[in-house]
Amino acid sequence: MGSPASSVDGFVREFLRELNFGQGVALTGSEVNDQYLALARTVRHYLMARWLETLRRQADTQSKGVAYLSAEYLLGRQLNNALLATGLTDIVKQGLAQCGIDLADLRAQEVEPGLGNGGLGRLAACFIDSLATMSVPCIGYGIRYEYGIFRQTFVDGRQVEQPDSWLALGAPWEFPHPEAAQTVHFGGRTETYDDEGVERSRWIPAWNVQAVPYNYMVPGYQNGRVNTLRLWRAVATDAFDLRIFNSGDYEEAVRAQTFAENISKVLYPEDSTPQGKELRLQQQYFFVAASIANFLDDVLPEGFDLARLPERIIFQLNDTHPVIAVPELMRVLVDERKMDWDDAWAITQKCFAYTCHTLLPEALEVWPVALLGKLLPRHLEIIYRINDEFLEAVRERFGDDELRIRRMSIIAEHPERAVRMAYLATVAGAKVNGVAELHSQLLRDKVLPDFDEFYPGKFTNVTNGITPRRFVRLANPALSELITDAVGVGWITDLERLRELEPFAEDEDFRLRFREVKAHNKRRLNGVLQQRDGLSVGDDHMLDVMVKRLHEYKRQLLKVLHIVTLYDRISTGELDPADVTPRTFVFGAKAAPGYKMAKEIIHLINAVGTVVNADPKVQDRINVLFPPNYNVTLAEKLIPAADLSEQISLAGKEASGTGNMKFALNGALTIGTDDGANVEIRQLVGDEHFFLFGMLEPEVEALAAKGYVPSSFYEADPNLRRAIDLISSGAFSGGDKTTFEPVVANLLYEDRFMVLADYASYLEAQEKVDAAYADQEAWTRSAILNVARSGYFSSDRSMRDYIDRIWHTPPTF
Ligand code: 26W
């Protein structure tokens, strides 16, 4: 199977063939969606030979690879990346032009697969991109949600969620394989039986679903390699009970089908109800059971000696969501393959590694024993045995220190008996890593200190990274061209080469061109926002951007208080508008549907924006934009245009952040706390090129220990008092004093994330930002140095760290 000729004419032939025979339409009269689908299929043909070749070589060499287990993949649009990977962009552009079609129009037609919530899902997407580019064997395993992260709209400033029907207009990048479905079982009971003198256990499940694999190509950057992302869809086994159907009970007939297919229906359904919780556990087991079965039965050659499994695979657990894979592998090895328990456990402990992505105690997953036992009775038994043997080893080492035993038990007793998934992952994993230096340190010292002591050498750090292909080369073509002009193209796969830009910070002409790039990106953003939301960004404004999930610990409220203070000072005449740097503040954030306070904060941001944007006293000075439905596609336009990156979480709470890296690499300066990967960004770019503010993590601890009283900060700081009073006064809610009462009360009497304690320091840092921005030459110098010194944050480097320290999976070919 030869790949289509790489010429404009060859492309046009292929494209028209797809349009005619694939879509069944003629070019004349075809819709944009027909054209997009035909183009996507044409481009995937170009990748096909490489994909098949990769699979063939992998089967031949049988070298060790990574199975990345993740409940989320936030892929972003595929077309542009596929074009970049194949180097086809110019040919396609010309070919389409011959057909009277603008490539940009077809790009805009693609709906991104939003199969993730935030950083963790996007990280998974960056990692598989890097592994393909580095020629490392990897299969990404996950769930093909029918509805991804909701589409966010605002009604009267409040978030309203709409279903994300990303499949509605066709899904040209996926390859369904119903013939390769796996059966996944649930419920029932266990029993022991005599197997020729050996007592064994077996699981008698009550029901099952089919897991149908949908394969996606993961192309490396211009290296002829294509790895696989395999997402599972749940399909009912006896889809339709014809007997019941014929008897006229249509509802009952489809009930079982609906029940089964709910498993892959939506990303992270609400877990505030017991049903929702159970569904989430079903999702987790569903995709890891299918993935393990797929790897053992279909990927490994027939007759493979499972004692050698660790030579072939490492299952990387992306947070605790896939951790039920640990007892599942044990069940398969012991119950199905009849392996001795100790041998199976030794293998299992070499085949898993675990990444933790949080420090917030409430985000550490636990599964009530009652629920787990009902859904997966055999797995619960296995977990108990793992725990018994583990605690026995702890006793051997530390004696009968009951407090320690209770602390370390995989089973928590309070408030209800539950399985601590992070502990299970830590006991089973060959390695455990955090996602930035500070986070990994806190993980060892604060979250899992007993485990760190018990398992010397198990804990390690791998600082996150981002793919420079998508987030610089594709998202910022203008900057990419400037960089390539200066240092050559090597940076795209060797991001440390950006260092060679350092001398250009002193080159006046280069600085001018750098500023032109920013201005160009702002105009581009303006075009996108105009069309998308009717919003505009002035190109003479500093663009101050805070985009990330809406969460109290990230402190969007601190940003709001800054804006309210500025607004108050200008509108009362305390500040002369002429002395204020013109700024446009941009927010992008989705709140979890059940997270009330987060939704109140969204409402407040929109309310403040409405008032500020309408007030003639501050017009042309400050502006607040909150385009709804922030996603990867919008990020790719927003980040390259930004001047200032807001990374203002309370120190010790943001595990890493990856947005922070994207901004620095696109030449924004950061205003940030000493948290997550901000710490490393600041160390690399230099203090003079980073606006640090706020308490350090130990100071946060100390304040909490002594008793934090937020209202005392309110009493003591007149600026803060004015800002909060203005919100309470109804100034942003049409005079209604009750609207934002919950937010204000939360700030004054709880303020879990110490917004008020860091307010003064934040304001001071913002004044430094203004002063620095006034000197455009110096600002540009800093921005260039941010780019030049952030090469470390390539996900290629993250992958090298995982490979060297955890996976030991060298590149193959
Ligand atoms: C239990 C359900 C659940 C699901 C998702 C809890 C929490 C999540 C988050 C969306 C997880 C997440 O995205 N964490 C982020 O992971 C990034 C990649 O490591 C880090 O950079 C961020 O700091 C961290 O918040």
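If you're wondering where the values come from, they're calculated on a predicted model, not measured in any experiment.

### Remarks on the overall build of the protein chain
Phase 1 of the analysis: A tally of helices and strands in the protein chain yields 33 helices and 25 strands.
Phase 2 of the analysis: The C-alpha radius of gyration computed for the protein chain amounts to 27 Å, which stays within 12% of the reference 28 Å derived for 813 residues, consistent with globular compactness.
Phase 3 of the analysis: Here the C-alpha coordinates of the protein chain stretch approximately 90 × 75 × 65 Å along the principal axes.
Phase 4 of the analysis: Looking at the protein chain as a whole, 59% of its 813 residues qualify as buried.
Phase 5 of the analysis: For the protein chain, the proportion of contacts with a sequence separation of at least 24, taken over those separated by at least 6, is 76%.
Phase 6 of the analysis: Accessible area for the protein chain stands at about 31000 Å²; split by element, carbon and sulfur atoms hold 50% of it.
Phase 7 of the analysis: Both charge centroids of the protein chain, one from 86 positive and one from 114 negative side chains, sit 2 Å from each other.

### Section: the sheet that holds strand β16 (residues 411-412)
Phase 1 of the analysis: Spatial strand order, β15-β17-β16: three strands in an open sheet with antiparallel pairing. Taken across any chain shown, the strands that pair with only one partner, and hence form the sheet edges, are β15 (366-368) and β16.
Phase 2 of the analysis: Across three bridges, β15 lies against strand β17 (residues 418-420) in antiparallel orientation. Bridged to Val366 within β17 is Arg420.

### Brief notes about the pattern of salt bridges
Phase 1 of the analysis: Taken as a whole, this structure holds 57 salt bridges when the rule is applied.
Phase 2 of the analysis: The residue Asp687 makes a salt bridge to Arg682 at a minimum N-O spacing of 2.8 Å.
Phase 3 of the analysis: Residues joined by salt bridges that share partners form a network here, namely Asp401, Arg404, Arg407, Asp450 and Glu453.

### Some remarks on the nonpolar core
Phase 1 of the analysis: Leu39, Phe286, Leu309 and Trp807 are the most contacted members of the largest nonpolar core, which totals 149 residues.
Phase 2 of the analysis: Among the elements that make up this core, the one with the highest residue count is helix α9 (residues 274-299) (11 residues).
Phase 3 of the analysis: Counting only domains with at least three residues in this core, you end up with domain 1 (1-59 + 85-111) and domain 2 (62-76 + 112-152 + 162-463).
Phase 4 of the analysis: With residues near it in sequence (within four places) discarded, Leu39 still touches Phe11, Phe15, Leu79, Val92, Leu96, Leu103 and Leu106.
Phase 5 of the analysis: Counting residues in hydrophobic clusters, the runner-up holds 105 residues, among them Ile483, Met542, Ala598 and Tyr708.

### Section: the site of the ligand
Phase 1 of the analysis: In the vicinity of the ligand lie 19 residues, with Leu120, His357, Asn464, Glu654 and Gly657 positioned nearest.
Phase 2 of the analysis: In the model, an oxygen atom of the ligand is placed 2.8 Å from a nitrogen or oxygen of the Gly657 main chain.
Phase 3 of the analysis: With the chains in place, 86% of the 580 Å² that the ligand exposes on its own is no longer accessible.
Phase 4 of the analysis: Considering every element that reaches the shell around the ligand, the biggest residue donor is helix α6 (residues 119-133), with three residues.

### Describing the UniProt feature "modified residue: N6-(pyridoxal phosphate)lysine" (unreviewed entry) in the protein chain
Phase 1 of the analysis: Sequence positions flagged by UniProt for "modified residue: N6-(pyridoxal phosphate)lysine" (unreviewed entry) are, in local numbering, Lys662.
Phase 2 of the analysis: Summarising the element assignment, Lys662 is placed in helix α25 (residues 659-665).
Phase 3 of the analysis: Exposure remark for Lys662: the relative accessible area of 8% places this residue in the buried category.
Phase 4 of the analysis: When near neighbours in sequence (up to four residues on either side) are disregarded, Lys662 contacts Arg122, Ile466, Phe471 and Ile639.

### Some thoughts on the packing of aromatic side chains
Phase 1 of the analysis: Tallying each qualifying case throughout the model produces 27 aromatic pairs.
Phase 2 of the analysis: Consider the rings of Phe390 and Phe454, whose centres lie 5.6 Å apart with planes at 85°: the pair is edge-to-face. Of this pair, Phe390 sits in helix α14 (residues 377-398) while Phe454 sits in helix α18 (residues 449-454), and the two are 64 residues apart along the sequence.
Phase 3 of the analysis: Residue classification places Phe390 among the buried positions, given a relative accessible area of 4%.
Phase 4 of the analysis: Its relative accessible area of 12% is what places Phe454 among the buried residues.

### What about the domain arrangement of the protein chain?
Phase 1 of the analysis: Once the domains are mapped, the protein chain shows domain 1 (1-59 + 85-111), domain 2 (62-76 + 112-152 + 162-463) and domain 3 (525-775).
Phase 2 of the analysis: Relative placement of domain 1 and domain 2: their C-alpha centres are 36 Å apart.
Phase 3 of the analysis: In this assembly, 20 residues from domain 1 lie in contact with 24 residues from domain 2.
Phase 4 of the analysis: Taken together, domain 1 and domain 2 are joined by zero salt bridges.
Phase 5 of the analysis: Connecting domain 1 to domain 2 are nine residue pairs in polar contact (both at pLDDT 80 or more).
Phase 6 of the analysis: Take the side of domain 1 that touches domain 2: its biggest share by element is 15 residues, from helix α2 (residues 32-61).
Phase 7 of the analysis: Partitioning the side of domain 1 that touches domain 2 into residue classes produces 11 nonpolar, five polar and four charged.

### As for the environment of Phe186
Phase 1 of the analysis: By the element assignment, Phe186 lies in strand β8 (residues 182-186).
Phase 2 of the analysis: According to the relative accessible area criterion, Phe186 is buried, its value standing at 0%.
Phase 3 of the analysis: Leaving out residues up to four positions away in the same chain, Phe186 has contacts with Trp203, Pro205, Ala206, Trp207, Val209, Ile263, Gln282, Tyr285, Phe286, Leu375 and Leu376.

### Quick word on the pairing of strand β12 (residues 226-236)
Phase 1 of the analysis: Within β12, nine of the 11 residues are buried, leaving the element largely enclosed by the surrounding structure.
Phase 2 of the analysis: Both strand β4 (residues 138-143) and β12 contribute to a ladder of five bridges, which runs parallel. In the sheet register, Gly142 faces β12, and the bridge partner there is Leu231.
Phase 3 of the analysis: What sits between strand β11 (residues 207-219) and β12 in their antiparallel hairpin is a turn of six residues, with Gln222 showing a positive phi close to 45°.

### Digging into helix α31 (residues 755-774)
An α-helical turn contains 3.6 residues, so any two residues separated by three or four positions project in the same direction.
Phase 1 of the analysis: Over its 20 residues, α31 extends 28 Å from the first C-alpha to the last, a length consistent with the 28 Å expected when each residue adds 1.5 Å.
Phase 2 of the analysis: Along α31, the residues classified as buried are Val755, Leu756, Ala757, Asp758, Tyr759, Tyr762, Leu763, Ala765, Gln766, Val769 and Tyr773.

### Notes on the packing of α6 against helix α33 (residues 795-807)
Phase 1 of the analysis: With their axes 9 Å apart at the nearest point, α6 and α33 run at an angle of 80° to one another. What the angle tells us is that α6 and α33 run roughly perpendicular. Residues Cys126, Phe127, Ser130 and Leu131 of α6 lie in contact with α33, whose contacting residues are Ser795, Asp796, Ser798, Met799, Tyr802, Ile803 and Trp807.
Phase 2 of the analysis: Here the contact of α6 with α33 is composed, by residue class, of seven nonpolar, three polar and one charged.

### Quick notes on the pairing of β4
Phase 1 of the analysis: In terms of burial, β4 is largely enclosed, as six of its six residues are buried.
Phase 2 of the analysis: Here β4 shows a buried face lined by Cys138, Gly140 and Gly142 and a second buried face lined by Ile139, Tyr141 and Ile143.
Phase 3 of the analysis: Judged from the four bridges that link them, strand β1 (residues 65-69) and β4 form a sheet pairing that is parallel. Each residue of the ladder has a partner; that of Val66, found in β4, is Cys138.

### Regarding the side chain of Lys554
Phase 1 of the analysis: The residue Lys554 is located in the loop between β20 (542-547) and α22 (556-571) in this model.
Phase 2 of the analysis: With a relative accessible area of 6%, Lys554 lands in the buried category.
Phase 3 of the analysis: At 2.8 Å, the side chain of Lys554 and the side chain of Glu654 are in polar contact.
Phase 4 of the analysis: Those residues within four positions of Lys554 in sequence are excluded, and the remaining contacts are Met546, Lys548, Arg549, Ile648, Ser649 and Glu654.

### Quick look at the side chain of Asn215
Phase 1 of the analysis: Examined against the element boundaries, Asn215 turns out to sit in strand β11.
Phase 2 of the analysis: Exposure remark for Asn215: the relative accessible area of 8% places this residue in the buried category.
Phase 3 of the analysis: At 2.7 Å, the side chain of Asn215 and the side chain of Arg230 are in polar contact.
Phase 4 of the analysis: Every residue in contact with Asn215, bar those within four places of it in the chain, is listed here: Trp51, Trp173, Glu174, Phe175, His177, Thr228, Leu229 and Arg230.

Cut-offs and rules
In every chain, residue numbers begin from 1 and rise along the written sequence. pLDDT decides what is reported in this predicted model: residues at 70 or higher carry local features, side-chain atom pairs at 80 or more are listed and counted, and totals for whole chains, interfaces and linings draw on all residues regardless. As a rule here, side-chain values cover all heavy atoms of the structure and leave hydrogens and water aside. A run of H or I in DSSP becomes a helix once it reaches four residues, and a run of E becomes a strand once it reaches two; helices and strands are each numbered from the N terminus. Radius of gyration: over C-alpha atoms. The globule rule applied is 2.2 Å multiplied by the number of residues raised to the 0.38 power. Relative accessible area decides the class of each residue, using a 1.4 Å probe on protein chains only: under 20% of the type maximum gives buried, over 50% gives exposed, and in between gives partly exposed. Whether two residues are in contact is decided by their heavy atoms, any of which lying within 4.5 Å being enough. Exposure was quantified through the Shrake-Rupley algorithm and a 1.4 Å probe, taking into account, for residues, occlusion by the shown protein chains and nothing else. Positive charge is attributed to Lys and Arg, negative charge to Asp and Glu, and no charge count is given to His or to the chain ends. By convention, charge coordinates are those of NZ in Lys, CZ in Arg, CG in Asp, or CD in Glu. DSSP-based pairing: two strands are paired if at least 2 bridges between them are found. By convention in these notes, a salt bridge is any Lys or Arg side-chain nitrogen within 4 Å of a carboxyl oxygen on Asp or Glu. We call a set of buried Ala, Val, Leu, Ile, Met, Phe, Trp, Tyr and Cys residues a nonpolar core when their side-chain atoms join them within 4.5 Å. Each domain's limits were defined by an automated method or a database of domain assignments. For this description, a residue counts as near a given molecule or strand if any of its non-hydrogen atoms is within 4 Å of it. By the criterion applied in these results, polar contacts are pairs of N or O atoms within 3.5 Å in which, for protein atoms, one can donate a hydrogen and the other can accept it, and in which residues neighboring in sequence qualify only through two side-chain atoms. UniProt positions are given in the numbering used here, feature names are shortened, and annotations may be inferred rather than shown by experiment. For this analysis, a ring pair means two rings from Phe, Tyr or Trp (six-membered ring only for Trp) whose centres lie within 6.5 Å, classed as stacked if their planes differ by under 30 degrees, edge-to-face if by over 60, and tilted for the remaining angles. Residue type decides the class: Asp, Glu, Lys and Arg count as charged, Ala, Val, Leu, Ile, Met, Phe, Trp, Tyr, Cys and Pro as nonpolar, and the leftover types, Gly among them, as polar. The span one expects for a helix is its residue count, reduced by one, times 1.5 Å. Inter-axis angles, ranging from 0 to 180 degrees, are taken between N-to-C directions of lines fitted to C-alpha atoms, where helices are fitted over the stretch in contact. Any angle that falls under 35 degrees is termed roughly parallel, while one over 145 is termed roughly antiparallel, one within 65 to 115 roughly perpendicular, and all others oblique.

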